[in-house]
Amino acid sequence: MSDDLLKALLPALGIAAFERHIDGSFRALAPIPSWFERLAGDGTFPFLGHILEEAVRYWNKGEAKPRDWGPSAETDEAGREFHYMVSALTLAGRNVLIFSLDTASDRMRQVLQRVRDQALAAEQRAERLKVTDSHGGTE
Amino acid sequence: MIQKKICMLGGFGVGKTSLVSRFVHSIFSDKYLTTVGVKIEKKSVDLGSQQVDLMVWDLHGEDEFQKLHMSYLRGSSGYLLVVDATRRSTLDTALMLHAKAKWAIGEVPVMLAINKTDLDSTWELDGAAMDQLKCPVVKTSAKTGDQVEETFAALARAMLDGRSLGEGGVGQAT
């Protein structure tokens, strides 16, 4: 794949990819998608701080299988929640860190929401019954 | 500026995200929206003599579908256990998470928030649970905002001092 195609493809897929250099600095492999720019815009990026230590350990070990972190939830300009994953991998001896939108988590959230709504209602019903019983069924 | 990390721990639907929204954005929604993964919010808190930037890690609720990644607790200076005043079972989840967290990051300041006190409580904290918790307990309402700021401020102060909070705690503690 040509560099030009890669530079167009990654932001089109909503992927922010960085190569980590020996001195610890990172270089973007393609233009950064807007969701990621917004995320890192204020100079603080706690989730990155959390994973970086583990990512460096992963690269130093030279493991073949990529390592993933997440999902991490964020809110877009319109107040909608979205999720992203972070992956560390080594490609042709180069250490790469990838931030990608995670639509699977968005879908999983919808499913979990239904399941938990039902579980919550069932638990609350059971608690109310317990209270009624403890009051001799007078409530 | 001093930065400190706080984690929110508890079962699903206890109001962790609502407490964070109330604390950080001063908003509350009655609609329950489950959290997937982790959501990180930031808020600067003025503690009188010191200003501290709190990084609040709102971790997904623990249940059979999502287990907590204990690695998320790494670097945390304290955590807030949250239970639901209308569901006694959420205390058991909190006790289990408390034990796991202590094992993962050791003794750090921790508080237990009995949330949703705007609703009728269906249970009371018993002595056995208090013995396991060994931390201050506070009754909060993300809906009304009652004791929310105070709870985060008390936890932040303890984290800055690097001390464990004894039993007792902020106002209205049980």
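These numbers were taken from a predicted model, which means no experiment stands behind them. (Residues numbered from 1 in each chain as written. Chains lettered and ligands numbered in written order. Predicted model: local features only at pLDDT ≥ 70, side-chain atom pairs only at ≥ 80, totals over all residues. Heavy atoms only, no water.)

Draft legend 1. The overall build of chain B, seen in detail. Of regular secondary structure, chain B possesses 4 helices and 6 strands. Helices and strands appear in chain B in the N-to-C order β-α-β-β-β-α-β-α-β-α. With the principal axes as the frame, chain B shows a C-alpha extent of 40 × 35 × 30 Å. The buried share of chain B, reckoned over its 174 residues, is 57%. Of the contacts made within chain B by residues no fewer than 6 positions apart, 73% connect residues no fewer than 24 positions apart. (Helix = DSSP H or I, 4+ residues; strand = E, 2+ residues; numbered from the N terminus. Buried < 20%, exposed > 50% of the residue type's maximum accessible area, 1.4 Å probe, protein only. Contact = heavy atoms within 4.5 Å.)

Draft legend 2. Focus on the overall build of chain A. The number of helices and strands found in chain A is 4 helices and 5 strands. Ordered by position in the sequence, the α and β elements of chain A form the string α-β-β-α-α-β-β-β-α. Taking 2.2 N^0.38 as the reference for a compact globule, 139 residues should give roughly 14 Å; the C-alpha atoms of chain A span a radius of gyration of 22 Å, well beyond that estimate. Seen along its three principal axes, the alpha-carbon backbone of chain A occupies a region of about 75 × 35 × 30 Å. Within the span of chain A, comprising 139 residues, buried residues form 37% of the whole. For chain A, the accessible area works out to roughly 8300 Å², and carbon and sulfur atoms hold 55% of it. Charge-centre separation for chain A: the mean point of 17 positive side chains lies 4 Å from the mean point of 21 negative side chains. (Rg over C-alpha atoms; globule rule 2.2 N^0.38 Å. Areas by Shrake-Rupley, 256 points an atom, 1.4 Å probe, with all protein chains shown as cover. Lys, Arg positive; Asp, Glu negative; His and termini not counted. Charge placed at Lys NZ, Arg CZ, Asp CG, Glu CD.)

Draft legend 3. Highlighting the pattern of salt bridges. By the definition in use, this model includes 17 salt bridges over all chains. Among the ionic pairs, R87 of chain B bridges to E123 of chain A, the shortest N-O distance being 2.9 Å. Of the two residues, R87 of chain B sits in the loop between strand 4 (78–84) and helix 2 (89–105) while E123 of chain A sits in helix 4 (residues 103–134), which places them in two different chains. Residue R87 of chain B is classed as buried on the basis of its relative accessible area of 1%. Judged by its relative accessible area of 23%, E123 of chain A is partly exposed. For E149 of chain B, the salt bridge goes to K43 of chain B, with nearest N and O atoms at 3.2 Å. Remark: K43 of chain B occurs in strand 2 (residues 38–46) and E149 of chain B occurs in helix 4 (residues 148–161); sequence separation between them is 106 residues. Salt bridges linked by common partners bring E53, E54, R57 and R67 of chain A together with R74 of chain B together as one network. (Salt bridge = Lys/Arg side-chain N within 4 Å of Asp/Glu carboxyl O.)

Draft legend 4. Structural view of the nonpolar core. Counting residues in hydrophobic clusters, the biggest one holds 55 residues, and the most contacted among them are F47, Y84 and F99 of chain A together with L9, W57, L112 and L125 of chain B. Counting residues in hydrophobic clusters, the runner-up holds 25 residues, among them M8, F152, A154 and M159 of chain B. (Core = buried A, V, L, I, M, F, W, Y, C linked by side-chain atoms within 4.5 Å.)

Draft legend 5. View of the environment of S77 of chain B. Residue and element names in this part refer to chain B. On the secondary structure map, S77 appears in the loop between strand 3 (51–59) and strand 4. By relative accessible area, which is 18% here, S77 ends up buried. C-alpha of S77 to C-alpha of K43: the two residues are 34 residues apart in sequence and 15 Å apart in space. The residues contacting S77, other than those within four sequence positions of it, are K4, K5, V108, P109 and M159.

Draft legend 6. The side chain of S141 of chain B, seen in detail. All names here are of chain B. Note on placement: S141 falls in the loop between strand 6 (137–139) and helix 4. A polar side-chain atom of S141 sits 2.7 Å from a polar atom in the side chain of D118. Looking at S141, its side chain comes within polar contact range of the main-chain nitrogen of T144, at 3.0 Å. Discounting residues that sit within four places of it in the chain, S141 has contacts with N115, K116, T117, D118, D146 and V148. (Polar contact = N/O pair within 3.5 Å; in protein donor to acceptor, adjacent residues only side chain to side chain.)

Draft legend 7. Region of the structure containing the interface of chain B and chain A. The interface is formed by 29 residues belonging to chain B together with 29 residues belonging to chain A. Summed over both partners, the interface of chain B with chain A buries about 2600 Å², with 53% contributed by carbon and sulfur atoms. For chain B, the biggest contributors to the area lost against chain A are T34, V36 and R74 of chain B; these three give 24% of the whole. At the junction of chain B and chain A, the tally comes to 4 salt bridges. Where K39 of chain B meets E81 of chain A, a salt bridge forms, and the shortest distance between an N and an O atom there is 3.5 Å. (Buried area = accessible area lost by both parts, 1.4 Å probe.)

Draft legend 8. Geometry of the packing of aromatic side chains. One pass over the full model with this rule turns up 15 aromatic pairs over all chains. Ring centres of W57 of chain B and Y72 of chain B lie 6.1 Å apart, and the angle between their planes is 55°; on these two criteria the pair is classed as tilted. Of the two residues, W57 of chain B sits in strand 3 while Y72 of chain B sits in the loop between strand 3 and strand 4, which places them 15 residues apart along the sequence. W57 of chain B sits in the buried class, given a relative accessible area of 2%. Linked through ring pairs, F18, W35, F36, F45, F47, F82, Y84 and F99 of chain A together with W57 and Y72 of chain B together constitute an aromatic cluster. The residue whose ring lies beneath K5 of chain B is W57 of chain B, and the NZ or CZ to ring-centre distance is 3.7 Å. In this structure, K43 of chain B packs its charged tip against the face of F23 of chain B, placed 4.6 Å from the ring centre. (Phe/Tyr/Trp six-rings, centres within 6.5 Å; stacked < 30°, edge-to-face > 60°. Lys NZ or Arg CZ within 6 Å of the ring centre and 35° of its normal.)

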